[in-house]
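Residues per chain, in single letters:
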Amino acid sequence: MKFSLQSLQDLWNNKWLFGAVLSFFSAVLALILANLSTFENFEFTTYDARFGLRGQMETTQDDVVLVTIDDESFIGLGNWPFPRVLFAEAILNLHDAGAKLIVMDIEFTEPNKQDPRQDQVLAGAVLRAQDVILAGKWVTEFAINDIVNTYVIPPIKALRNTRARWGLVNVDEDPDGFIRRYLLFQTRNNQYFYTLALEALLHLNSAQNGKAGRNEDGYFVIAGRRIPKKDYNSMLINFRGPAESFPTYSLAAVLDDADFDLLGDEDTDIFEIHKETGTFKDKIVFIGAAAEELEDTKFTPFFGYKGVKRKMPGVELHAHALSTLLRGDFIKTESPVLGLIMVFVLSGLTMVVTKWLQPFRGMFAVLGIVLAYVIWGVYAFLNLLVWVEITAPLTAIVLSYVGNVVHQTLTEQRERIRIKKTWQHFMSGNVIDSMLDSGKLPTFGGERRELTVLFSDIRGFTTFSEKHSSQQVVQKLNEYLTSMVDVIFKYAGTLDKFVGDEIMAVYGAPHPYRNHAENACLTAVEMVARLRRLQRKWSARKQAFFQIGIGINTGKVIIGNLGSQQLFDYTVIGDDVNLGARLEGANKQYGTTIIISEATYKAVRKRAIVRELDMVRVKGKNRPVRIYELRGMRSLPRIERELIIDVYTQGLNYYKELKWYQALTQFKRVLRYFPTDGPSRVYIKRCLDFIENPPPENWDGVYEFTTK
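What counts, and at which threshold
- Residues numbered from 1 in each chain as written.
- Predicted model: local features only at pLDDT ≥ 70, side-chain atom pairs only at ≥ 80, totals over all residues.
- Heavy atoms only, no water.
- Helix = DSSP H or I, 4+ residues; strand = E, 2+ residues; numbered from the N terminus.
- Buried < 20%, exposed > 50% of the residue type's maximum accessible area, 1.4 Å probe, protein only.
- Pairing = 2+ DSSP bridges.
- Axes fitted to C-alpha atoms, helices over the stretch in contact; angles between N-to-C directions.
- Polar contact = N/O pair within 3.5 Å; in protein donor to acceptor, adjacent residues only side chain to side chain.
- Patch = residues over 30% accessible without salt bridge, like charges linked within 9 Å, V, L, I, M, F, W, Y side chains within 5 Å.
- Areas by Shrake-Rupley, 256 points an atom, 1.4 Å probe, with all protein chains shown as cover.
- Salt bridge = Lys/Arg side-chain N within 4 Å of Asp/Glu carboxyl O.
- Lys, Arg positive; Asp, Glu negative; His and termini not counted.
- Charge placed at Lys NZ, Arg CZ, Asp CG, Glu CD.
- Core = buried A, V, L, I, M, F, W, Y, C linked by side-chain atoms within 4.5 Å.
- Contact = heavy atoms within 4.5 Å.

S.K.: I'm lost on unusual backbone geometry in this one. Help?
M.R.: A negative phi angle characterises most non-glycine residues, just as the trans form characterises most peptide bonds. Across the junction of Trp80 and Pro81, the peptide omega takes the value 0°, indicating a cis bond. Here Pro81 is to be found in the loop between helix 4 (71-77) and helix 5 (84-96). Cis geometry is adopted by the peptide bond preceding Pro510, which originates at Ala509 and carries an omega value of 0°. The residue Pro510 is located in the loop between strand 21 (502-507) and helix 17 (516-540) in this model. Of note, Glu244 is a non-glycine position whose phi angle comes to about 65°, a positive value. Examined against the element boundaries, Glu244 turns out to sit in the loop between strand 12 (234-236) and strand 13 (248-250). The class of Glu244 is partly exposed, set by a relative accessible area of 45%.

As structure tokens, then:
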């Protein structure tokens, strides 16, 4: 069990392997869902939409004409059912008008017991016309959803004796009630019974009655046609358009000749005109019901075409099926194996782009995949006459994308929590969040980057420790360090380390930002302010307190997780780091609190209030560095600005010009009002020394630091 849990954990942590497994199961689930009614109906809807995109086709080349029992027929002929002699008359009229073939979508499967003569008249008309296809039907008997018996009901014996062909008129609806497929045949006792359109095709090809077709690798072959099958015994109808795509005439118009009078005022002898103009000459004429009350209208892919919701008469379904058979422009379904492969390939491709591009950008790539596949499905239908199923692949894409996004989100969330726990002691939560959002996390190794480093140290801490108990030292140090770290985090600094009572902080890393020098200076000023508040608090309790020194430098440093593979630390190294530490120590010599380098000053000069301290050369370096005392980041009191800044600066300028007496005068003016000002004291001592022992002629004004 332990091994199993560990294996699952390892699988979860391997994003590519887990993604592959997830995409596989997404594909499997998509294939399962595709068989559910909701998903199946969606596939039907997308199939129907492709007909809408294709639009209506020209039908004149099919030579198909419809004669329908419509509302006009009821007005001119009376109530339904019509006498069979009327259909006999219609057959003879069409034959005389030159019809090539007459296809009856009206069942005459029961004898007329009230007037048997009508059956004979109808049979005589069929016998005379010869080119007539009659209608039969296939009956399936059920008991508790199980088929218990099937049989065929052919036309009545009188019609069968004419040796006219007859075909089944049954149609097979899809689960959503639409007609998309056309039955080709039914079998019983190894005998084929063909449907109306297929019998019409056989007649037009002069095939013998009872000619057997054969199944051949997804096709039904008969009368020189290889008909691609949708399932065992059906094909897809290539509909030419919505209802009345073929020329349509009322049955009343076919009967309305010079010898027949319609009821009421409808009689116009219109059929005589049709005979003269050749309306039915060399045409395939389908006769069937179209009126809604006869309940033989069907839903097809063109229901709702151009916003018109209109069902198609059943007789027209047979006409569209025959048109498909005659033209041979069959709609094929894609290979099941190819369809299966596409589901798995698209699911896997979705996983790859989601992992590679991350969820947000990956979403647009996935939408591109979806769009490309839909376009392919439409193209294949319009140009190749192939029904490419869309539902299962799109479902697999969605499941794979959602699954991988959820996995990636949970994994990243867990990683964010781990990183936050790791870094929360070194930087503020906002900086951690910015670092995580940028995706630039520290890795083993280093990089060179311009940053700002801050060093802070307690003055005389060793002496302070010797005079107080360890408990007092730890308590006061904790209070001090906590307050200082709060300030560092406030200004987006990263706590690099504590070295005893020394604090080292880095600005601009690990998450880079521009104003790192300004943030370091703001930190230093507020650290001093916080220390002053602590000092007042300790003084009120009659407790000893201490001072600090702060050094800040900006420059190119090496930053990263440095160390060994077993133990490493995120830190910075380099000459500019060392200079920052030297500046912190230089506060002791100048009696100052905050010293910044020239590089830092250049970055903050628009805001910082400073005074130049000196040009120094630190130990181990030949290049001198100009250093400054940071007095604040906001305005100073007027007297402080006039004396500490202006008068002091004038004295420093005299000093650089070797005018020792003038310099002494200015520095003493500062001490008159600020007697503890360290830099003024330093320069007074130097001026006195140079008055007694002038510097050499090549003196460059640089002060040498002889200690670290």
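Okay, back to it.
S.K.: Is there a simple way to think about the sheet that holds strand 9 (residues 214-216) in this case?
M.R.: Where strands meet in a sheet, backbone hydrogen bonds hold them as pairs that are either parallel or antiparallel. Taken in spatial order, the three strands of this open sheet run 9-10-11, and their pairing is antiparallel. Two strands in the sheet have a free side with no partner beyond their single neighbour: strand 9 and strand 11 (225-228). Neighbour-to-neighbour, the strand axes of this sheet turn through a mean angle of 30°, independent of strand direction. As judged from the four bridges shared by strand 10 (residues 219-222) and strand 11, these two strands associate in the antiparallel manner. Bridging across to strand 11, Val221 finds its partner in Arg226.

S.K.: Got a minute to help me understand the side chain of Thr571 in this structure?
M.R.: Among the secondary structure elements, Thr571 is positioned in strand 23 (residues 568-573). For Thr571, the side chain forms a polar contact with the side chain of Asp496, separated by 2.9 Å.

S.K.: Would you mind going over a positive patch on the surface with me for this structure?
M.R.: Together, Lys602, Arg605, Lys606 and Arg623 line one region of the surface with positive charge. Tracing the sequence through the fold places Lys602 in helix 19 (residues 598-604).

S.K.: Mind showing me how you'd approach the nonpolar core here?
M.R.: One broad rule of soluble globular proteins: the nonpolar side chains tend to lie buried together. Counting residues in each nonpolar core, the largest one holds 46 residues, and the members touching the most others are Val103, Leu198, Ile222, Ile227, Met235, Phe286 and Leu325. Apart from residues no more than four positions distant in its own chain, Leu325 is found in contact with Ala197, Leu198, Leu201, Arg225, Ile227, Met235 and Phe330. Core analysis: the second largest hydrophobic core is formed by 42 residues, Tyr513, Ile552, Val610 and Leu630 among them.

S.K.: Please clarify how the pattern of salt bridges should be interpreted in this entry.
M.R.: Opposite charge on two side chains permits pairing when their charged atoms draw close. Applying the stated criterion across every chain, the model contains 37 salt bridges. A salt bridge links Arg310 to Glu244; its shortest N-O distance comes to 2.8 Å. With Arg310 in the loop between strand 15 (297-298) and strand 16 (312-313) and Glu244 in the loop between strand 12 and strand 13, this residue pair connects regions lying 66 residues apart in the sequence. According to the relative accessible area criterion, Arg310 is partly exposed, its value standing at 40%. Ionic contacts of the salt-bridge type, sharing partners, join the residues Asp48, Asp172, Asp174, Asp176, Arg180, Arg181 and Asp231 into one network.

S.K.: Which parts of the structure should I look at to understand a nonpolar patch on the surface?
M.R.: Where nonpolar side chains cluster on the molecular surface, the patch consists of Val398, Val402, Val406 and Leu410 and spans about 320 Å² of accessible area. Within the secondary structure, Val406 is located in helix 13 (residues 391-423). According to the relative accessible area criterion, Val406 is partly exposed, its value standing at 43%.

S.K.: Sorry, what's going on with the side chain of His318 here?
M.R.: Summarising the element assignment, His318 is placed in helix 11 (residues 314-327). The contacts of His318, once residues within four sequence positions are left out, are Asp105, Leu168, Val169, Val171, Tyr182, Leu196, Ala197 and Phe286.

S.K.: What's the story with the environment of Asn553 in this structure? I'm lost.
M.R.: With respect to the helices and strands, Asn553 occurs in strand 22 (residues 548-563). By relative accessible area, Asn553 is classed as buried at 2%. As for Asn553 and Phe280, which are separated by 273 residues in sequence, their C-alpha atoms are 101 Å apart. Not counting chain neighbours up to four residues away, the residues in contact with Asn553 comprise Leu451, Thr452, Val453, Asp576, Leu579, Gly580, Leu583, Ser597, Ala599 and Thr600.

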